[in-house]
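Chain by chain, the residues:
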Amino acid sequence: MNDRASKYGFAATHDVPIPYLQRIRKYYQALGYGAPYEWAHYADVPFHPLTRPLSECRIALITTAAPHQPGKGDQGPGAPYNAKAKFYAVYSGDAAWDHDLRISHIAIDRKHTTAEDSGTYFPLIELRQSAAAGRVGSVAPRFHGVPTNRSHRVTIEIDCPEIVARCIADQVDAAILVPNCPVCHQTVSLAARRLEENAISTVVMGCAKDIVEYVGVPRFLFSDFPLGNSAGRPRDRESQAFTLDLALSVLESAPAPRTTVQSPLKWSADPDWKLDYCNIERLGPEEIARRRAEFDQGKAQARSVREEVGVRPSDAEDEIA
């Protein structure tokens, strides 16, 4: 920091939300993938206020995490990117039970987090605690998993309507949507928009501020944490409970669409972790070549999984996830 910044206690210039849209564009171009991905973007945002107190509302949880699939490679804490563990259709689970969900199939920040604690990305236990305490009326009978998919058409025309149909069937009043990777943030933002259009209030809990706000959502709780920690710090139940409660506050009190609230929690006193994710300026030629090869391998694995489940390539453009 320069003398003036030191004198007045200014934060480091890079201690701001990570610019994922810019970083990812440069990153994949440097890896040789040509034209940049076109992210979903809207000017108008739907907004459906809660029609009754939160303590009387039924809340659904929507996640991009995947059920553990034995035999599909390493999906545990610290696992490398594992395209074999992807899923391509909306799924649901009994919200009354605990579930083994993993996020090895998507591009979380693997340098600064390990996905060791599912409470950081799947806050079902905390949501049940909130219901038991009377903070919310009840937890919906099912939670729902939505695929991470680059195809706008599939997400908007297939996955989002299916999420809406399942939430309507469960008679929910509102939904909490928890993304993990960059494309996950786009996916749940599109789902939130569709839910609001169908009179279901939403709040997105996420870590990629620019992506969520670029898409345009009604309510957003932003945690300035590494990707994969939208619901709080790992092994820190107090952090997770606080984060969920803050999201619920945003859900019930947001005055208008595009309401963003930033959590006051910090990941680290040192903001240098924000310089690493998909930052091509910090990578040498050998590392860029290695990552290109690794990414091509992941694409091949994803293609194999699609073929196994009968999904056409044009229906699942999920190469950057």
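Asks: Outline the overall build of the protein, listing residues and values.
Replies: Across its full length, the protein holds 8 helices and 10 strands. For 321 residues, the compact-globule formula gives about 20 Å, and the C-alpha radius of gyration of the protein, at 19 Å, lands near that figure. Taking the principal axes of its C-alpha atoms as reference, the protein extends roughly 60 × 55 × 40 Å. Once local pairs closer than 6 in sequence are excluded, the contacts in the protein between residues at least 24 apart make up 77%.

Asks: Requested: an account of the packing of helix 4 (residues 152-169) against helix 5 (residues 182-197), with residues and values cited.
Replies: Two elements in contact, helix 4 and helix 5, have axes whose closest approach is 9 Å; the angle formed by their N-to-C orientations is 55°. On the basis of the axis angle, helix 4 is oblique to helix 5. Read as a crossing pair, helix 4 and helix 5 show a hand that is right-handed. Counting all contacts with helix 4, which are made through H152, T155, I156, C160, P161, I163, V164 and C167, the residues of helix 5 involved are Q186, T187, L190, A191, R194 and L195. Of the residues contributing to the contact of helix 4 with helix 5, the split by class is 9 nonpolar, 4 polar and 1 charged.

Asks: I'd like a rundown of the pairing of strand 7 (residues 174-178), residues and numbers included.
Replies: In terms of residue burial, strand 7 counts as a mostly covered element, since 5 of its 5 residues are buried. With burial as the criterion, each face of strand 7 is covered, one bearing A174, I176 and V178 and the other bearing A175 and L177. Where strand 1 (residues 58-63) and strand 7 come together, 5 bridges link them in parallel fashion. Across the sheet, the residue bridging to I59 is A174, located in strand 7. As paired strands, strand 7 and strand 8 (residues 201-206) are joined by 4 bridges and run parallel to one another. Counted as the bridge partner of L177 is V204 from strand 8. The parallel pair strand 7 and strand 8, bridged by helix 5, forms a crossover whose chirality is right-handed.

Asks: I'd like to hear about the pattern of salt bridges, residue by residue, with values.
Replies: Summed over the entire model, instances satisfying the criterion amount to 21 salt bridges. Among the ionic pairs, D170 bridges to R142, the shortest N-O distance being 3.1 Å. Here D170, found in the loop between helix 4 and strand 7, pairs with R142, found in strand 6 (residues 142-145); they are 28 residues apart in sequence, far enough to count as distant. Given the relative accessible area of 28%, R142 is considered partly exposed. A salt bridge links E294 to R290; the nearest nitrogen and oxygen atoms lie 3.3 Å apart. Taken together, the residues span about one helical turn, with E294 and R290 both in helix 8 (residues 285-309) at a distance of 4 residues. Each of the salt bridges in this network shares a partner with another, and the network as a whole consists of E287, R290, R291 and E294.

Asks: Run through the environment of P80, naming residues and quoting values.
Replies: Mapped onto the secondary structure, P80 falls in the loop between strand 2 (66-67) and strand 3 (91-94). With relative accessibility at 49%, the residue P80 sits in the partly exposed group. Separated by 45 residues in sequence, P80 and A35 place their C-alpha atoms 26 Å apart. Excluding its chain neighbours within four sequence positions, the residues that come into contact with P80 are D74, S104 and R110.

Asks: Which residues make up the pairing of strand 1, and what are the values?
Replies: Burial analysis of strand 1 places 5 of its 6 residues in the buried class, the great majority of the element. Pairing of strand 1 with strand 5 (residues 138-139) involves 2 bridges; the strand directions are parallel. When the bridges of strand 5 are listed, R58 appears paired with S138.

Asks: Explain unusual backbone geometry to me, using residue names and the numbers behind them.
Replies: If you check the backbone angles, R235 has positive phi at about 55° while not being a glycine. Mapped onto the elements of the fold, R235 is located in the loop between strand 9 (219-222) and helix 7 (237-253). A residue is classified by how much of its surface remains accessible, and R235, at 61% relative accessible area, is exposed. One non-glycine residue with positive phi stands out, namely C278, at about 50°. Examined against the element boundaries, C278 turns out to sit in the loop between strand 10 (259-262) and helix 8. Accessibility expressed as a relative area gives 9% for C278, which makes it buried.

Conventions and cut-offs
Residues numbered from 1 in each chain as written. Predicted model: local features only at pLDDT ≥ 70, side-chain atom pairs only at ≥ 80, totals over all residues. Heavy atoms only, no water. Helix = DSSP H or I, 4+ residues; strand = E, 2+ residues; numbered from the N terminus. Rg over C-alpha atoms; globule rule 2.2 N^0.38 Å. Contact = heavy atoms within 4.5 Å. Axes fitted to C-alpha atoms, helices over the stretch in contact; angles between N-to-C directions. Parallel < 35°, antiparallel > 145°, perpendicular 65-115°, else oblique. Left-handed = near helix turned anticlockwise from the far one by under 90°. Nonpolar A, V, L, I, M, F, W, Y, C, P; charged D, E, K, R; others polar. Buried < 20%, exposed > 50% of the residue type's maximum accessible area, 1.4 Å probe, protein only. Pairing = 2+ DSSP bridges. Right-handed = clockwise from strand over helix to strand, strands pointing away. Salt bridge = Lys/Arg side-chain N within 4 Å of Asp/Glu carboxyl O.

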